[in-house]
Amino acid sequence: MKSPWKILMATPLFFLLTLHTLASPAYDHQRGTRRSNGQVCIGCVLVVSVIEQLAQVHNSTVQTSMERLCSYLPEKLFLKTTCYLVVDIFGPDIIKLLRADVNADVVCHTLEFCKQDRGQPLCHLYPLPKETWKLTLEKARQIVKKSPALTYSRSGSDICSLPFLDKICQRIKLAIQNSLPFKDVDSDKYSVFPTLRGSHWRGRDCNDSNKMAYPGRRPDNWDTHQDSNCNGIWGVDPKDGIPYEKKFCEGSQPRGIILLGDSAGAHFHIPPDWITASQMSLKSFFNLPTALTNELDWPQLSGATGFLESTSGVKENSIYLRLRKRNHCNHRDYQNISRNGASSQSLERFIESLSRNQLLDQPAIVIYAMIGNDVCNRKIDPVPEMTTPEKLFSKVMQTLQYLDSHLPNGSHVILYGLPDGTFLWDNLHSRYHPLGQLNKDVTYAHFYSFLNCLQVSPCHGWMSSNKTLRTLTSERAEQLSNTLKKIATSQKFTNFNLFYMDFDFQEITEKWQKSGGQPWQLIEPMDGFHPSEVALQLLADRFWKKVQLQWPQVLGKENPFNPQIEQVFGDQGGH
């Protein structure tokens, strides 16, 4: 039958499209039915767990906890409306099953959001029931055997096949896949819109009807009449007739910051209070629409290009904010060209989103930070899928040649090495995951095992109980780092100097511990994989100090006119 579920799921277009893009990105060569089913399964287990725990925390019925969860969601993107519609369809079955005292794994297998394929292991997050799994599942299926909800499709993957959504779907997909702003009137790769690859990712456009006005360009006629480089400095000083841009910025060596990265560089982050029943409130999901339209990334708070005040309480600022503080003429000159799942092998698919004109623009500091996905994948046997040193060398050289043909002379490129990810298991495996904190029943070891079983883990090699596999993954990471170091010390380019920097997570861990912090706080609590905001700020601090000490020419001069710029132009138009 044609399912009303498909029409229902078409309602929150941006919400589902973003999740669809995350689930099957253009760069991912590993997509398949099992992975898609795995993500549906995880989504179900997370939602049912939250419903069950909300009922426990508030001593309420399951029906009330479902309504409570929906009430927390914002109206934007039709999230609240969709939630109530989903509750209408699946709520009665969830109520019956949870009343029968089964856990989220059993609920989701019964409702067929999770499936055990023939010949595959049973994937479960929570401890198995005391009775055999087969018997428990049979009993649960009897409870809902006549439910109409079992006839509905479990997939929204064909949402964009609906005729009235096709064109806008394609536009949004193209923007995200190409790492370009969805809303860009003058097609200069900059936008006034914050999300969907807009100004959260690269400096805000100051004139979206003029493609010759954008952050990072050299001023046109010293910006006498208008702001052509969007740094907020323009016009003429009435006291002496000298253009402000010439007076304050000439000879100050302005430069921008560009990050070529993966989900760590984009700052992938799922707030733990989204799934922690004891912390959930009306405030929890206030930023959900923004996060969804940013692919669950928070570049505006990232270590390289973040421009908002950190929410972590750590005093360190991003590399961009430090560059701006050093020289206010660098205002808005940042680009975060990072992609979830990106690696050295896939960068060529979106590097053209980089915006730099060799003749018209200022030099740039480019940080190449593909720190995980060349060794991380979700395969049962991940080692054969890892990038070899030979393949890395070839792709990085291809990237550097592209940069040499696009960056203005006087630029700098810094290659970041890969971390030793054994840190993850060593510091998290015995701790409780946010889903397990209430009842002390799910550790990160359980969570990692669940992801690996479903073949949706972001890094099976390091998020594994297999010590040999973790060691092999770190050994390959070290080999790739050595390859990057070799490139940096042996290759020369016309338009930029090339440097290498180790990704020394141990160093920032020790610094964090000396300040009273705990190592586990440096990892995102929800996924147990990505660097947290604290870690990203500490890494930015380490980066800045190392560059200051070893390669100070990379950062440019401190601008002595910064106070005068603040006096005349205030916050220079903000971000």
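Criteria and thresholds
- Residues numbered from 1 in each chain as written.
- Predicted model: local features only at pLDDT ≥ 70, side-chain atom pairs only at ≥ 80, totals over all residues.
- Heavy atoms only, no water.
- Helix = DSSP H or I, 4+ residues; strand = E, 2+ residues; numbered from the N terminus.
- Buried < 20%, exposed > 50% of the residue type's maximum accessible area, 1.4 Å probe, protein only.
- Contact = heavy atoms within 4.5 Å.
- pLDDT = per-residue confidence, 0-100.
- Domains from an automatic or database assignment.
- Buried area = accessible area lost by both parts, 1.4 Å probe.
- Polar contact = N/O pair within 3.5 Å; in protein donor to acceptor, adjacent residues only side chain to side chain.
- Pairing = 2+ DSSP bridges.
- Right-handed = clockwise from strand over helix to strand, strands pointing away.
- Phe/Tyr/Trp six-rings, centres within 6.5 Å; stacked < 30°, edge-to-face > 60°.
- Core = buried A, V, L, I, M, F, W, Y, C linked by side-chain atoms within 4.5 Å.
- Salt bridge = Lys/Arg side-chain N within 4 Å of Asp/Glu carboxyl O.
- UniProt positions renumbered as here; feature names shortened; annotations may be inferred.

(A) Focus on the environment of Val 45. Position of Val 45 relative to the elements: it lies in helix 3 (residues 33-57). Take Val 45: its relative accessible area is 0%, and that puts it in the buried class. Sequence separation of Val 45 and His 124 is 79 residues, and the distance between their C-alpha atoms is 9.1 Å. Excluding residues that lie within four positions of it along the chain, Val 45 makes contacts with Ala 104, Asp 105, Cys 108, Cys 114, Leu 125, Tyr 126 and Phe 450.

(B) The confidence of the model for the chain, seen in detail. Scored by pLDDT, the chain has a mean of 92; 91% of the residues are at 70 or more. Every residue in residues 1-31 is under pLDDT 50, and counting partners more than four places away or in other chains gives 81 contacts.

(C) Geometry of the domain arrangement of the chain. In terms of domains, the chain is made up of domain 1 (17-23 + 32-158) and domain 2 (244-569). Distance from the C-alpha centre of domain 1 to the C-alpha centre of domain 2: 34 Å. Taken together, the contact between domain 1 and domain 2 spans 34 residues of the former and 30 residues of the latter. When domain 1 packs against domain 2, close to 2,800 Å² is buried across both sides, 76% of that on carbon and sulfur atoms. Here domain 1 and domain 2 share 2 residue pairs in polar contact (both at pLDDT 80 or more) between them. The element contributing the most residues to the side of domain 1 that touches domain 2 is helix 3, with 14 residues.

(D) Spotlight on the pairing of strand 4 (residues 411-416). With respect to burial, strand 4 is a largely interior element, 6 of its 6 residues being buried. The two faces of strand 4 match: Ser 411, Val 413 and Leu 415 on one face and His 412, Ile 414 and Tyr 416 on the other face are all buried. In terms of strand pairing, strand 3 (residues 364-369) meets strand 4 through 4 bridges, oriented parallel. Across the sheet, Val 366 pairs through a bridge with Val 413, a residue of strand 4. In this view, the connection linking strand 3 to its parallel neighbour strand 4 by way of helix 13 (residues 389-404) has right-handed handedness. Relative to strand 5 (residues 496-501), strand 4 runs parallel, the two being bridged by 6 bridges.

(E) View of the packing of aromatic side chains. What the rule picks out here adds up to 16 aromatic pairs. Between Trp 274 and Phe 285 the ring centres are 6.1 Å apart and the planes differ by 20 degrees, which places this aromatic pair in the stacked class. Placement of the pair is Trp 274 in the loop between helix 10 (263-266) and helix 11 (288-292) and Phe 285 in the loop between helix 10 and helix 11, with a sequence separation of 11 residues. Judged by its relative accessible area of 9%, Trp 274 is buried.

(F) Structural view of the nonpolar core. Ranked by internal contacts, the top residues of the largest apolar core, which has 143 residues, are Leu 400, Leu 403 and Leu 415. Split by domain, the residues of this core number at least three in each of domain 1 (17-23 + 32-158) and domain 2 (244-569). Those residues in contact with Leu 403 that sit more than four places away from it in its chain are Leu 260, Ile 351, Leu 354, Val 366, Val 413 and Phe 496. Ranked by size, the runner-up nonpolar core spans 7 residues in total, among them Ile 233, Cys 249, Ile 565 and Phe 569.

(G) Layout of the pattern of salt bridges. Following the criterion strictly, the structure yields 12 salt bridges and no others. Between Lys 511 and Glu 316 there is a salt bridge, with the nearest N and O atoms lying 3.4 Å from each other. Taken together, the positions of Lys 511 in helix 17 (residues 505-514) and Glu 316 in the loop between helix 11 and helix 12 (319-326) put the pair 195 residues apart, joining distant regions of the chain. Classification of Glu 316 by relative accessible area gives buried; the value is 10%. The residue Asp 541 makes a salt bridge to Lys 545 at a minimum N-O spacing of 3.1 Å.

(H) Broad picture of the UniProt feature "domain: Saposin B-type" (unreviewed entry) in the chain. When the UniProt feature table is mapped to this numbering, "domain: Saposin B-type" (unreviewed entry) covers residues 37-118. A helix fraction of 73% and a strand fraction of 0% characterise residues 37-118, whose end C-alpha atoms lie 14 Å from each other.

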